Amino acid sequence: MADRTRRRERPMKRAFFKPSASDSMRTHSSSGPEKPSNPSATRSNFDAEEGNEEFTPIFGTCLLMCPVKERERRERLRDLAIFERLNGDPAQSSPSLAVKKFCRTISRKDLDPSDVRPAPVLEDTLNHILKLLHSSDHSFETIHAFIFDRTRSIRQDLSMQNAVNDQVIDMYQRMVKFHIISSHYLHECSETSYAVSMIRLNQEQLIKSLITLFNLYDIVRATSSIRKDEPEFFSFFLLLQLGSDPHNTQEPLSLWLRRIPYQILKSREMQFARKLLRDYRTGNYKQFIRSAEEEASFLQYCIIEPYIDEVRVLALSCICYGGYKLQPYPLLHLSKLLIMKEDDVESLCNDCDIELTSGENGKGVLSSHKVVKKCPESSQKYYSMHSERIERLCSLALQLL
């Protein structure tokens, strides 16, 4: 990697967009005459990373995954991740193992091109760290913590150089996919303290990466046609609005949609995302669950996944409140409606304090004419979708990276 020829990147001529700390859909005035297809504020020269000054774009000259000075300093401080240790030694690493850490604050006087990696080196670095996801020697939490930090460092180096080309876009797309797939695995192990704290942080970095990616799309689209994979990534951002309050944003979602190119807006991916968002907000739980199972790609499903149990609770509430009191609703029918195993349906009912009774057709939900409240997070479990299609998509998850 050290003798890799450095490629000179085309400098960026537009500002990046940064999400608000409280709401990714808030907007501010743009520095350019044209409104981008982003819902966030502008910040010159930098990716949506916090705590950085604005710099004149530079061209990195570091041809290693980690600058020599940083590696030596971290060796002295024994500040090496388990994946960076040479023969397991916490005080020794090598150029083929050490990866530059994310630095929250960078001073202008300390900025040196020899500490910044050019795009080809960053691509090699991204390939190196994403391969760790296939490792079975460490837990997902350990692997995620390492990649989570190092991908932020990659984005930081890219933004300092204001590089814009297909190679940079491809890297951002892979990092977006990493955060989306991580969301799926974090929810699977949501009973661990690490997963509970990282679910929100992972989504924050996902939104920041998407917003920067949209900005890159806008810049490249000015001189070329729409990329075939753009609709998929725009649908990701739209699906992330499932948990947002439509009345708690300075800019309505409809205005953001109006700025999206017509070809993207009418794509199959965006039509699916808009339909699912509509079903979620109107409480059409049957159509929401069915569409998620039948039409969602794996990456779309990973974003939808945290809201499926919420919609299931809504379905239970409607059945309990409007059901026939003398005839329990069979768990077998519920399992088909909610696409869950019967045991999981029973467990969810217990979480929500729903009364179950036994009848001729087995156990069932007894109508109580009361609204079922969302079960407390402390007792809420993760219930996967009992679907052969979804299980098949999940088995191929890491191949998407």
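Up top is the structure.
In this text, all values refer to a predicted model and were calculated from it rather than measured experimentally. (Residues numbered from 1 in each chain as written. Predicted model: local features only at pLDDT ≥ 70, side-chain atom pairs only at ≥ 80, totals over all residues. Heavy atoms only, no water.)

Undergrad: Looking at this model, I keep getting lost on the sheet that holds strand β4 (residues 356–359). Mind explaining?
TA: Whether parallel or antiparallel, the strands of a sheet pair through hydrogen bonds between backbone atoms. If you walk across this open sheet you meet the 3 strands as β3-β5-β4, and the pairing is antiparallel. Strands at the two margins of the open sheet, each flanked by one partner only, are β3 (329–330) and β4. In terms of strand pairing, β4 meets strand β5 (residues 362–365) through 4 bridges, oriented antiparallel. Bridged to T357 within β5 is G364. (Pairing = 2+ DSSP bridges. Helix = DSSP H or I, 4+ residues; strand = E, 2+ residues; numbered from the N terminus.)

Undergrad: Looking at this structure, I do not really get empty space enclosed by the protein. What am I missing?
TA: To find leftover empty space, a probe the size of one water molecule is rolled over the atoms. The final tally for this structure, using the stated rule, is 1 cavity of 30 Å³ or more. There is about 50 Å³ of room inside the largest cavity. Secondary-structure elements contributing two or more residues to the lining of the largest cavity are α4 (166–188), α5 (193–221) and α11 (298–322). Residue classes in the lining of the largest cavity are distributed as 6 nonpolar, 4 polar and no charged. (1 Å grid on protein atoms, 1.4 Å probe; cavity = no way out; pocket = protein on both sides within 12 Å on 5 of 7 lines; lining within 4 Å. Points joined across faces, edges and corners; volume = space filled by probe spheres on them. Nonpolar A, V, L, I, M, F, W, Y, C, P; charged D, E, K, R; others polar.)

Undergrad: Quick question: what am I supposed to make of the layout of surface pockets here?
TA: Of the pockets and cavities examined, the second largest pocket occupies roughly 380 Å³. Lining the second largest pocket are 20 residues, and of these E70, R73, K100, C103 and D115 sit closest to its centre. In terms of residue count, the dominant contributor to the lining of the second largest pocket is helix α1 (residues 68–76) (4 residues). For the lining of the second largest pocket, the per-class residue count stands at 7 nonpolar, 3 polar and 10 charged.

Undergrad: What's the story with the state of the cysteines in this structure? I'm lost.
TA: What is meant by a disulfide is a covalent connection between two cysteines, made through their sulfur atoms. Evaluated as defined, the whole model comprises 0 disulfides. Left unpaired, C302 is separated from the closest cysteine sulfur, that of C394, by 6.5 Å. (Disulfide = S-S within 2.5 Å.)

Undergrad: Help me understand the packing of aromatic side chains, please; the structure alone is not making it clear to me.
TA: The relative placement of two aromatic rings is captured by the distance of their centres and the angle of their planes. Counted under the stated rule, the structure contains 12 aromatic pairs. Ring centres of Y217 and F234 lie 6.1 Å apart, and the angle between their planes is 25 degrees; this geometry places the pair in the stacked category. You can see Y217 sitting in helix α5 and its partner F234 sitting in helix α6 (residues 230–239), a full 17 residues away along the chain. Classification of Y217 as buried rests on a relative accessible area of 1%. Under the relative-accessibility criterion, F234 is labelled buried at 0%. Ring geometry for Y280 versus Y307: centroids 6.0 Å apart, planes at 75 degrees, classification edge-to-face. Of this pair, Y280 sits in helix α9 (residues 268–282) while Y307 sits in helix α11, and the two are 27 residues apart along the sequence. Accessibility classification places Y280 together with Y307 in one group, the buried group. (Phe/Tyr/Trp six-rings, centres within 6.5 Å; stacked < 30°, edge-to-face > 60°. Buried < 20%, exposed > 50% of the residue type's maximum accessible area, 1.4 Å probe, protein only.)

Undergrad: I'm lost on unusual backbone geometry in this one. Help?
TA: Most peptide bonds are trans, and most residues other than glycine sit at a negative phi. The phi dihedral of N87 falls on the positive side, at around 55 degrees, and the residue is not glycine. As for its placement among the helices and strands, N87 is situated in the loop between α1 and α2 (119–130). Given a relative accessible area of 78%, N87 falls into the exposed group. Backbone geometry places D353, a non-glycine residue, at a positive phi of 60 degrees. The topology assignment puts D353 in the loop between α13 (342–351) and β4. Judged by relative accessible area, D353 falls into the exposed class, the value being 58%.

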